[in-house]
Amino acid sequence: MKRVKIGIAGLGRLGRTHAQNLAFKIPQAELTAACSIVDAELDYAKNELGITELYKDFSEMVNKADIDAVVIVTPSTEHPWQIEAALKAGKQVFCEKPLAVTIEECKATEKIVEQYPDQIVMLGFMRRFDPSYAYAKEKIKAGAIGQPYLVKATGIDPEADCQSLIDSGFIPKSGGIFIDMAVHDIDLMRWFLEADAKEVYALGCSFKHPEFKRDGDCETGCAMFEFENGAMGQIHVGRTAPHGYHIETEIVGTEGSIRISPVPAKNLAILYDTNGVVQECVRNFPERFSESYVLELEEFINCVIHKTKPSVTVYDGTKATQMAFAAKAAFENHVVTPVEH
Ligand code: NAI
C-alpha cells in the first residue's frame, strides 16, 4: 500500500512526540519533510529522524515538498494561516488544538475549510482516542448508563512543573487556565453528552502560587456548564497536583455511571513498603496520553488513505473554544455567562 507522505511543522514539546510517532510507529505514514523556525530543531529532524527535506518557512514546505499531508504542531497563533496555506497547496491537514486563539479566527477558519470540501482537516483532541475514553463512549452509545446527564472532569497539572511554568513567563501568554487547560475537558463533555452548552459560571483561586492571581489568571479553576438539553458539566482544572498529572472524568447517567482513572495510576503495579500501599501516578501528559497521540494520527492517516472524513472537525474546535472563552469571561466578571454559538 502507498504510504502517506507527511511534512511536520513545529518540533517543540509536542511536535517531537508526533514526529517520532509518524517516523517510527505508524507504518502507513512516511515523514519526509519538516519545518521549524529553530535551526537546532531542523538538525534534530535530520539527525534523529532522517528527514532530508527541511524548511524554515511553512509556505515553502507546503508548496515545494513532496508531501500529501501536513501535521501542524506550531504555536496556536499560527494555526489558522497555516491551515489555509496547506489547503491552498492541496494538502490534507492535521492540526493540533486549539483551532485558533479567538472565536473570530475559529469562525474564519471554518469558512476557509468549507472552501476545500474534498480535503481533510482534523483537529488534535487526542483524549477521544485514549482507549479508556473510547471505551466509555462505546458503553454510553450502547446504553450502559442510560441517558448521560452529568460530566465531572478534573484536569490538574503536576506541581513539579508549576514553578518552571511561572518562571518561563508562560502564564500571561497562556490565555488563562480555562483556555489553556479546560478545552480538553470541554471537548470531552460535548462528546459524551452529545450536546452544546448554553451557559456557564466559573470561579478561580490561587492559594499556593500568588503569581497566577497577579497575572490575572488562577491556579485552580472551577466551571459549571448548563447544556442545551438540560445536562450539566462540571470542570475542575489546576496546576498544583502534588502527586503527578491528575486526569479524572466521571459520566453520570440515568442508569449508571462511568469513571475514568479516579486513581490516575502510572500502571497496574502497587508498591507495599514502609510508606504503606502505594500506587504511583502518571507524571505528565506525554506519559498519560502516549497511546492516544499514536491512535489519533493513525485515524488521520486512515482518513487520507480511504478518503473518509475524520471524527474530530474544525467545528469541534470552534465549539470548545467558545465554551472556554465563556468560562473565562464568567470567571473574570463573576457572572453567569451565555455561550456564544
Ligand atoms: P512549543 O513552543 O514547544 O513548540 C512550537 C514549535 O513550533 C517549535 O518547534 C517552533 O520552532 C515551531 N514554530 C514556531 N513558529 C513556527 C512557524 N511559523 N513555522 C514553523 N514552525 C514554527 O509548543 P508545544 O507545546 O509543542 O505546542 C504546540 C501546539 O500543540 C500548540 O498549539 C499547543 O496548544 C498544542 N499542544 C497540544 C497538546 C495536546 O495534548 N493535544 C499538548 C501540548 C501542546
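Residues numbered from 1 in each chain as written. Predicted model: local features only at pLDDT ≥ 70, side-chain atom pairs only at ≥ 80, totals over all residues. Heavy atoms only, no water.

(A) View of the sheet that holds strand β15 (residues 337-338). Strand order in this open sheet of seven strands is β12-β11-β7-β10-β9-β8-β15, and the pairing throughout is mixed. Only two strands of the sheet have a single neighbouring strand rather than two, namely β12 (257-260) and β15. Bridging between strand β11 (residues 246-253) and β12 involves four bridges; their strand directions are antiparallel. Counted as the bridge partner of V252 is S257 from β12. Strands in contact with helix α6 (residues 131-141) are β7 (148-158), β11 and β12; relative to β12, the strand with the most contacts, it is inclined by about 175°. Contacts from helix α10 (residues 182-193) reach β7, β9 (220-227), β10 (232-241), β11 and β12 within the one sheet, and its direction differs from that of β7 by about 160°. (Pairing = 2+ DSSP bridges. Helix = DSSP H or I, 4+ residues; strand = E, 2+ residues; numbered from the N terminus. Contact = heavy atoms within 4.5 Å. Axes fitted to C-alpha atoms, helices over the stretch in contact; angles between N-to-C directions.)

(B) Examining the sheet that holds strand β6 (residues 121-124) more closely. Pairing is parallel in the open sheet, where six strands are placed in the order β3-β2-β1-β4-β5-β6. In this open sheet, the two strands that pair with only one neighbour each are β3 (53-55) and β6. Adjacent strand axes in the sheet meet at a mean angle of 25° when their direction is disregarded. Where strand β1 (residues 4-9) and strand β4 (residues 69-72) come together, four bridges link them in parallel fashion. Across the sheet, I8 pairs through a bridge with V71, a residue of β4. Packed onto the sheet, helix α13 (residues 290-306) meets β1, β2 (29-35), β4, β5 (92-96) and β6 and runs at close to 165° relative to β5.

(C) Quick look at a nonpolar patch on the surface. A cluster of nonpolar side chains, contributed by Y149, M224 and M232, occupies part of the molecular surface with about 250 Å² of accessible area. With respect to the helices, strands and loops of the structure, M232 is situated in strand β10. With relative accessibility at 33%, the residue M232 sits in the partly exposed group. (Patch = residues over 30% accessible without salt bridge, like charges linked within 9 Å, V, L, I, M, F, W, Y side chains within 5 Å. Areas by Shrake-Rupley, 256 points an atom, 1.4 Å probe, with all protein chains shown as cover. Salt bridge = Lys/Arg side-chain N within 4 Å of Asp/Glu carboxyl O. Buried < 20%, exposed > 50% of the residue type's maximum accessible area, 1.4 Å probe, protein only.)

(D) Here's a closer look at helix α2 (residues 39-49). Those residues of α2 not exposed but buried are E41, L42, Y44, A45 and L49. Across the axial projection of α2, the buried residues extend over an arc of 150°, all falling on one side. In α2, the exposed residues that point more than 90 degrees away from the buried face are A40, K46 and N47. Contacts made by the buried residues of α2 are with α1 (15-25), β2 and β3. Taken from the residues just after α2, G50 is the one with a positive phi, measuring 70°. (Arc of directions from axis to C-beta.)

(E) Structural detail: the UniProt feature "domain: GFO/IDH/MocA-like oxidoreductase" (unreviewed entry) in the protein. As annotated in UniProt, the feature "domain: GFO/IDH/MocA-like oxidoreductase" (unreviewed entry) corresponds to residues 133-259 in the numbering used here. The distance from the first to the last C-alpha atom of residues 133-259 is 10 Å, and the span holds 31% helix and 39% strand. (UniProt positions renumbered as here; feature names shortened; annotations may be inferred.)

(F) A look at the packing of aromatic side chains. Inspection of every chain in the model, using the stated rule, returns seven aromatic pairs. Arranged with centres 5.7 Å apart and planes meeting at 85°, the rings of F58 and W81 form a pair that is edge-to-face. Within this pair, whereas F58 is found in helix α3 (residues 58-64), its partner W81 is found in helix α4 (residues 79-88), the two being separated by 23 residues in sequence. Given the relative accessible area of 2%, F58 is considered buried. By relative accessible area, which is 37% here, W81 ends up partly exposed. A ring pair is formed by Y245 and F289, whose centres lie 6.4 Å apart and whose planes are at 85°; its orientation type is edge-to-face. Here the residue Y245 occupies a position in the loop between β10 and β11, and F289 occupies one in the loop between α12 (285-288) and α13, the gap between them amounting to 44 residues. Since its relative accessible area comes to 0%, F289 is described here as buried. Over the face of the ring belonging to Y44 we find R16, whose NZ or CZ atom lies 4.0 Å from the ring centre. (Phe/Tyr/Trp six-rings, centres within 6.5 Å; stacked < 30°, edge-to-face > 60°. Lys NZ or Arg CZ within 6 Å of the ring centre and 35° of its normal.)

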